[in-house]
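Residue strings, one per chain:
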Amino acid sequence: MNKLKLTSFLFANAVLLASGFALPAHAEDEAQLIKQGEYLSRLGDCMACHSLPGKPDYSGGLAIESNLGTIFSTNITPDKTHGIGNYSEQQFSDAVRKGVLPDGSRLYPAMPYPDYAKISDADMHALYVYFMKGVQPSAEQPPETKLSFPFSQRWGMRFWNWAFTSDKPFQPIGGASAEINRGAYIVESLGHCGSCHTPRGLGMNEKALDSGDDKFLAGGSLNNWDVPSLRGLPRWSEQEVVDYLQTGRNDKAAVGGEMTSVIEHSSSHMTDADLKAIAAYLKFLGGNPPLQAYDVKAQQATEAKLTAAKNLSEGERLYLDNCGACHFVTGKGAAGIFPELDQATIVNAKDPTGLIHTILAGAQQPSTAKAPSKLAMPGFGQRLSDEEVAQLATFIRQGWSNNAPAVSKDQVAEVRKALK
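The name given to the protein in an unreviewed UniProt entry is Alcohol dehydrogenase, and the organism recorded there is Pantoea conspicua. Per UniProt, the comment on the protein under Subcellular location (unreviewed entry) is "Cell membrane".

See the structure below:
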């Protein structure tokens, strides 16, 4: 797409320089801004929300499920009829950082402008230049968002914004290193990690917007999936955080759910320095609840019973038949390939929806530059009944050193219905 356009532009300039012609300073500046803006768009994960497979990049149309209803992403290419080609830089900034369109109408916070409000002026300028001059215009017309009353009244967002957003710029953390503050800037602004990983209030607002509040990144819920806390990540080293963001896998876990597209379109494109900064910042944060105690005896008891394969419960039998080949009798999986089940966040979540969804529908890790192979877990929805999935999930949530409530067949039926 625009990469070819940018490459051709830079090649032509290189030929001019080699021929003894000086490249105008403004052209050099523009090329650099386009390159910088493209990278910033990756940090902001713009591609994931505003693109569909088989459609031009940034032409919109992605259906975003929310508590209000289905919201469709818009065309943000520089097309002057269907996109943002007529936006001034100030209008672009107001849309991204304030959720206000040129005609005065308001965006829904499915567009994470409460977090984007912290994007610096310099980064906003680079983003504007990139979207206006580095992205190919598209005449695609996405479906119109039509929510039921009263959510259809966008003017009401004016009061929501007054109550729940802030125009305060990014505030560096006093006494923290430059690396930690770089990570804080990415996470709190362009990365908009808080939009999923921070608990929400009665107004569906993020309860905190920066690290000054212990609620920030303390975990939440997204489409009934429990979203883990990112504060401190005590079970992971900094390198394991980097590996996960770069490849969708590390020695303990593999990506699933909504985070898959974040890895594919955003974090796997970040520089090593930025990923290390994010990891340093997340490890720097405190206020994480204590780790669940690791019960060695319970882990050994489950391993021994599965190894002996005698007097098995229905859940244990189903595990050996369907899961044991990859996750093993230890529940530890294979480092960097098959994730751990023992003490895994998705396994021990209060709401078992994520685990049930994964058992029924499977999961696939994205292909990234550092991990090009697409490792996939098959779904078992076609071969296992609701009762069998409930028995299997209950065993996994209570085997080894896990200690989570049992799963009912009614819970499985609800997830199966949603998948259909």
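What follows picks up the thread again.
**Q** What should I look at first to understand the overall build of the protein in this one?
**A** Along the protein, the regular secondary structure elements total 19 helices and six strands. In terms of C-alpha radius of gyration, the protein reaches 23 Å, essentially the compact-globule figure of 22 Å for 420 residues. In terms of principal-axis extent, the alpha carbons of the protein reach across some 80 × 55 × 45 Å. Sequence-distant contacts, at least 24 apart, represent 62% of the contacts inside the protein between residues at least 6 apart. Roughly 20,800 Å² of accessible area belongs to the protein as shown, and the carbon and sulfur atoms make up 56% of that amount.

**Q** Could you clarify how one ought to interpret the nonpolar core in this entry?
**A** The tendency in soluble globular proteins is for nonpolar side chains to be buried as a group. Core analysis: the biggest nonpolar cluster contains 54 residues, and Tyr-58, Phe-92, Phe-131, Leu-217, Tyr-281 and Leu-282 have the highest contact counts within it. Within the residue set of this core, elements represented by two or more residues are helix H2 (25-43), helix H3 (46-50), helix H4 (89-98), helix H6 (121-133), helix H8 (178-188), helix H10 (238-247) and helix H12 (272-284). It is H6 that contributes the most residues to this core, eight residues altogether. In contact with Leu-282, not counting residues within four places along its chain, are Leu-217, Leu-230, Arg-231, Gly-232, Leu-233 and Val-241.

**Q** Is there a simple way to think about the packing of helix H14 (residues 314-322) against helix H18 (residues 386-398) in this case?
**A** To describe two helices that pack against each other, one gives the angle between their axes and the distance between the axes. Contact pair H14 / H18: the axes reach a minimum separation of 8 Å and the direction vectors enclose 90°. Comparing their axes, H18 and H14 come out roughly perpendicular. From H14, Glu-314, Gly-315, Glu-316, Arg-317, Leu-318 and Tyr-319 reach across to H18, where they touch Glu-388, Gln-391, Leu-392, Phe-395 and Ile-396. The residue makeup of the contact of H14 with H18, split by class, is five nonpolar, two polar and four charged.

**Q** Looking at this structure, I do not really get the packing of H4 against H6. What am I missing?
**A** The contact between H4 and H6 brings their axes to 10 Å, and the two run at 110°. Taken together, the axis directions place H4 and H6 in an arrangement best described as roughly perpendicular. The element H4 and its partner H6 pack so that their crossing is right-handed. In this structure, H4 uses Glu-89, Phe-92, Ser-93, Val-96 and Arg-97 to contact H6, whose residues at the interface are Asp-121, Met-124, His-125, Leu-127, Tyr-128 and Phe-131. Across the contact of H4 with H6, the residue classes break down as six nonpolar, two polar and three charged.

Cut-offs applied
- Along every chain, residues carry numbers that run from 1 in the direction the sequence is written.
- Local features in a predicted model are, by the rule used here, given only for residues with pLDDT of at least 70; side-chain atom pairs are given and counted only at 80 or more, and totals for whole chains, interfaces and linings are based on all residues.
- With hydrogens and water stripped out, all remaining heavy atoms of the structure feed into the side-chain values.
- UniProt positions are given in the numbering used here, feature names are shortened, and annotations may be inferred rather than shown by experiment.
- Secondary structure is summarised from DSSP: a helix means a run of H or I of at least four residues, a strand means a run of E of at least two, and numbering begins at the N terminus for each.
- Note that the radius of gyration is over C-alpha atoms, with the globule rule given as 2.2 Å times the number of residues to the power 0.38.
- Should any heavy atoms of two residues lie within 4.5 Å, those residues are considered in contact.
- Only the protein chains shown count as cover for residues, and the accessible areas themselves come from Shrake-Rupley with a 1.4 Å probe.
- In plain words, nonpolar cores are sets of buried Ala, Val, Leu, Ile, Met, Phe, Trp, Tyr and Cys residues tied together by side-chain atoms within 4.5 Å.
- Only protein chains enter the calculation, and the probe is 1.4 Å; a residue is then buried if its accessible area is under 20% of its type maximum, exposed if over 50%, and partly exposed in between.
- Only the stretch in contact is used when fitting a helix axis, every axis being a line fitted to C-alpha atoms; angles between N-to-C directions are given from 0 to 180 degrees.
- Relative orientations are named as follows: roughly parallel for angles under 35 degrees, roughly antiparallel for angles over 145 degrees, roughly perpendicular for angles from 65 to 115 degrees, and oblique for any other angle.
- Residue classes follow a fixed rule: Ala, Val, Leu, Ile, Met, Phe, Trp, Tyr, Cys and Pro count as nonpolar, while Asp, Glu, Lys and Arg count as charged, and any other residue, Gly among them, counts as polar.
- Each helix crossing is assigned a hand: it is left-handed if the near helix lies turned anticlockwise from the far helix by less than a right angle, otherwise right-handed if that turn is clockwise.

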